[in-house]
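Single-letter residue listing:
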Amino acid sequence: MRYTILIADDEPEIVELLQLYLEKDYSIKTAVNGAEALQCIRSTQIDLVILDIMMPVLDGLQLIKQIRATHHMPVLFLSAKSQDHDKILGLGLGADDYIAKPFNPLEIVARVEALLRRVNQFDAAEIPAAKEQNLILGDLTLDRSQCILFRSGTPVTLTSTEYKIMELLLDQPGRVFTRKKIYEAVWGDYYAHEDSTIMVHISNIREKIERDSRQPEYLKTIRGLGYKIEAPMES
């Protein structure tokens, strides 16, 4: 299967560089602004989007809101905005990954491969029998056959990245997972030596599953080690 990638960036040099590194293995579509990118997504089967934030007509942050209203393909933000709050905002709106400019194109290739590999596993039609079992913890139920998380019977909207993190943790409640372990399990075998991406995804999950994300009952931080999930203590 040959995946189709949309590169949306108003800098021709960036588009040409990414196309040069990716076109051998993927079909490439390009857009120079957010409106053009949105039209392409609506008219073409796109498997992954590489998206600049600062684009004319419709910027990347506005665009991802519209993408996430109807689509679940991975989105990788590529932006000159490199501060932590920019990454937090981008990932919080539904991006799966965030890379600051300037960048190493080989890192982009590795991130794209990892994102597509994860989505391929996420959307696999044939799920081993062991994977069909629901994972239940407290009032959380992760239905592996439908790839949906429920809280008290109500579906919780997760990105594919958030789903994979929850599946990893719920499969072994009480176990502490380091950031490195989470990254390698969820993103594949490529590990970037930084913590903020995982931290933001964990924060987003807490906003969705906890009664008070500032005092999490399920998803706990183990200082200096990583994260674990456990059932809330009964009051």
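Throughout what follows, the structure given in this document is the object of discussion.

Conventions used here
Residues numbered from 1 in each chain as written. Predicted model: local features only at pLDDT ≥ 70, side-chain atom pairs only at ≥ 80, totals over all residues. Heavy atoms only, no water. Pairing = 2+ DSSP bridges. Helix = DSSP H or I, 4+ residues; strand = E, 2+ residues; numbered from the N terminus. Contact = heavy atoms within 4.5 Å. Axes fitted to C-alpha atoms, helices over the stretch in contact; angles between N-to-C directions. Core = buried A, V, L, I, M, F, W, Y, C linked by side-chain atoms within 4.5 Å. Buried < 20%, exposed > 50% of the residue type's maximum accessible area, 1.4 Å probe, protein only. Arc of directions from axis to C-beta.

### A closer look at the sheet that holds strand β10 (residues 177-178)
Taken together, three strands build an open sheet; the order of strands is β10-β12-β11 and the sheet is antiparallel. Each edge of the open sheet is held by one strand with a lone partner, namely β10 and β11 (219-222). In terms of strand pairing, β10 meets strand β12 (residues 226-229) through two bridges, oriented antiparallel. In the strand pairing of β12, F177 is matched with Y227. Against the sheet, helix α6 (residues 160-171) makes contact with β10, β11 and β12, and its axis sits at roughly 70° relative to β12, the strand it touches most. Against the sheet, helix α8 (residues 196-209) makes contact with β11 and β12, and its axis sits at roughly 145° relative to β11, the strand it touches most.

### With respect to the nonpolar core
Counting 48 residues, the largest nonpolar core has I5, L18, L22, I50, V112, L149 and M166 as the members making the most contacts within it. Other than its neighbours up to four places away in sequence, V112 contacts I5, L22, Y26, L48, I50 and L76.

### Concerning helix α1 (residues 12-22)
Listed in full, the buried residues belonging to α1 are I14, V15, L18 and L22. Burial along α1 is one-sided: seen end-on, the buried residues are contained in an arc of 95°. For α1, the exposed residues set more than 90 degrees away from the buried face come down to E13, E16 and L20.

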